Amino acid sequence: MTSYTAEFDDIPGTRVFTAERAKKGYELNQFCMSLMKEANRERFKAGERAYLDQTKMSEEQKQAVLDRDYNKMIDLGGQIYFLAKIFATDGLSYLQAVSTMTGMNIDDYQQMMLHGGRSPQGWRSIKDGD
């Protein structure tokens, strides 16, 4: 697979879901979609590693799921709306799960979002300067 940098990959904290990431994350996203079925959620909760070992995901993707490292999952091709199936399986709201991706507690994250999101200061394209 040819590697390239998406136009916005140099913005700190931003992960653009590109065609390359979609291909890389296909098996991870298929795993997430499997969690739409109650029987699969129960099997996963009963033995996460065993369930993951039945997939074609890379070892790095499996470990990211086990660690619930959502940022790593996105780096490995996970698409946030598919990853939400993991949040739901764990009994987390979207707010709870996404706040963990920012390093903020839920209240601080919610307040930031209610006040317009993160400041663009310091989060601009590295190549363009800030």
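Preceding block: the structure.
Residues numbered from 1 in each chain as written. Predicted model: local features only at pLDDT ≥ 70, side-chain atom pairs only at ≥ 80, totals over all residues. Heavy atoms only, no water.

Novice: If you had to explain the packing of helix H8 (residues 94-102) against helix H9 (residues 106-114) to someone new, which residues and values would you point to?
Specialist: Relative to each other, H8 and H9 sit at 95 degrees, their axes nearing to 9 Å. Between H8 and H9, the interaxial angle falls into the category roughly perpendicular. Residues Leu95, Gln96, Val98, Ser99 and Thr102 of H8 form the contact with H9, whose participating residues are Ile106, Tyr109 and Gln110. Within the contact of H8 with H9, the residues separate by chemical class into four nonpolar, four polar and no charged. (Axes fitted to C-alpha atoms, helices over the stretch in contact; angles between N-to-C directions. Helix = DSSP H or I, 4+ residues; strand = E, 2+ residues; numbered from the N terminus. Parallel < 35°, antiparallel > 145°, perpendicular 65-115°, else oblique. Contact = heavy atoms within 4.5 Å. Nonpolar A, V, L, I, M, F, W, Y, C, P; charged D, E, K, R; others polar.)

Novice: Can you tell me about unusual backbone geometry, naming the residues and giving the values?
Specialist: A positive phi angle, near 55 degrees, is found at Arg68, a position not held by glycine. Within the element layout of this structure, Arg68 appears in the loop between helix H5 (59-67) and helix H6 (70-75).

Novice: Tell me about the environment of Asn105, residues and numbers included.
Specialist: On the secondary structure map, Asn105 appears in the loop between H8 and H9. Residue Asn105 is classed as partly exposed on the basis of its relative accessible area of 44%. For Asn105, the side chain forms a polar contact with the main-chain nitrogen of Asp108, separated by 2.7 Å. (Buried < 20%, exposed > 50% of the residue type's maximum accessible area, 1.4 Å probe, protein only. Polar contact = N/O pair within 3.5 Å; in protein donor to acceptor, adjacent residues only side chain to side chain.)

Novice: Give me the pattern of salt bridges: which residues, what numbers.
Specialist: Counting across every chain of the model gives seven salt bridges. Across the pair Asp53 and Lys62 runs a salt bridge whose closest N-O atoms are separated by 3.3 Å. Glu60 serves as the salt-bridge partner of Lys72, at 2.9 Å between the closest nitrogen and oxygen. On the criterion of sequence distance, the pair formed by Lys72 in helix H6 and Glu60 in helix H5 is long-range, its members being 12 residues apart. Three or more residues are tied together by salt bridges with common partners; here these are Arg49, Asp53, Glu59 and Lys62. (Salt bridge = Lys/Arg side-chain N within 4 Å of Asp/Glu carboxyl O.)

Novice: Before we move on, could you go through the nonpolar core and cite the residues and values that matter?
Specialist: Counting 24 residues, the largest nonpolar core has Phe31, Val65, Met73, Ile86 and Phe87 as the members making the most contacts within it. Those elements that provide at least two residues to this core are helix H2 (26-34), helix H4 (48-53), H5, H6, helix H7 (80-89), H8 and H9. Tallying contributions element by element places H7 first for this core, with five residues. (Core = buried A, V, L, I, M, F, W, Y, C linked by side-chain atoms within 4.5 Å.)

Novice: Before we move on, can you summarise the packing of aromatic side chains with the specific residues and values?
Specialist: Per the stated rule, a full pass over the model turns up five aromatic pairs. Look at Phe44 and Tyr51: their rings are 5.8 Å apart centre to centre, the planes differ by 70 degrees, and that puts the pair in the edge-to-face class. Overall, Phe44 belongs to the buried group, its relative accessible area being 0%. Taking relative accessible area as the criterion, Tyr51 reaches 7% and is therefore assigned buried. An aromatic cluster of at least three residues, connected via ring pairs, comprises Phe31, Phe44 and Tyr51. (Phe/Tyr/Trp six-rings, centres within 6.5 Å; stacked < 30°, edge-to-face > 60°.)

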